[in-house]
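What follows is each chain in one-letter form.
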Amino acid sequence: MSEINNTEVNNIENFDAQQITESAEAGEQKLPTVNVSADYEASKEFSVSDIDRTGAGAEAAAAATAPKFDIPAPTEIPMPADSSGNPDAFRSMAHDITPSGTPGEVTDDLIQKALDLGTPGS
């Protein structure tokens, strides 16, 4: 089985194009004409399905995209801001979020103990 490399394919395509051009210039073959406007108008006919031309299309689209569950209306929750500007209020809030003494807290004593245990010969 013979293989065709890429350059041979390009030469064949160029040869075919050259033959068509020469035969058109000689008047042996008529070149196709393209009417973009007419083709565009004809394509519009295919872009809309038969059901979309009636009211049933809109109903089907609404039914397909309708939510399956009731969606409650959002309610605004009032969040009064503390306008005192007291840093202790912030510290209190931060302490509520991450209370001190939680596991994983690293202190100087813990680091010193780790260094003592990790020292060779101790």
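Quick summary incoming for the structure in this document. This structure is a prediction, so every number in the text was calculated from the model and none was measured.

**With respect to the overall build of the protein**
When helices and strands are tallied, the protein shows 5 helices and 0 strands. Counted from the first residue to the last, the protein has its helices and strands arranged as α-α-α-α-α. Among the 122 residues that make up the protein, the fraction classed as buried is 2%. Working note: accessible area of the protein is about 11,600 Å², and carbon and sulfur atoms make up 58% of it.

**Structural notes on a nonpolar patch on the surface**
On the surface, Val106, Leu110, Ile111 and Leu115 cluster together into a nonpolar patch covering about 370 Å² of accessible area. Take Leu115: it is sitting in helix H5 (residues 108-118). Owing to a relative accessible area of 52%, Leu115 belongs among the exposed residues under this scheme.

**Overview of the pattern of salt bridges**
Evaluation of the coordinates by the stated rule reveals 2 salt bridges. The residue Glu41 makes a salt bridge to Lys44 at a minimum N-O spacing of 3.4 Å. Residue Glu41 and its partner Lys44 are both found in helix H2 (residues 36-47); the two are separated by 3 residues, about one turn of the helix. You can call Glu41 partly exposed: its relative accessible area is 48%. Given a relative accessible area of 36%, Lys44 falls into the partly exposed group. Across the salt bridge formed by Arg91 and Asp88, the nearest N and O atoms sit 2.9 Å from each other. Remark: Asp88 and Arg91 occur in helix H4 (residues 87-97); sequence separation between them is 3 residues, near one turn of the helix. Residue classification places Arg91 among the exposed residues on the basis of a relative accessible area of 52%.

Here is what the cut-offs are and how they apply
Residues numbered from 1 in each chain as written. Predicted model: local features only at pLDDT ≥ 70, side-chain atom pairs only at ≥ 80, totals over all residues. Heavy atoms only, no water. Helix = DSSP H or I, 4+ residues; strand = E, 2+ residues; numbered from the N terminus. Buried < 20%, exposed > 50% of the residue type's maximum accessible area, 1.4 Å probe, protein only. Areas by Shrake-Rupley, 256 points an atom, 1.4 Å probe, with all protein chains shown as cover. Patch = residues over 30% accessible without salt bridge, like charges linked within 9 Å, V, L, I, M, F, W, Y side chains within 5 Å. Salt bridge = Lys/Arg side-chain N within 4 Å of Asp/Glu carboxyl O.

Geometric descriptors of this kind do not, in isolation, establish any biological role.
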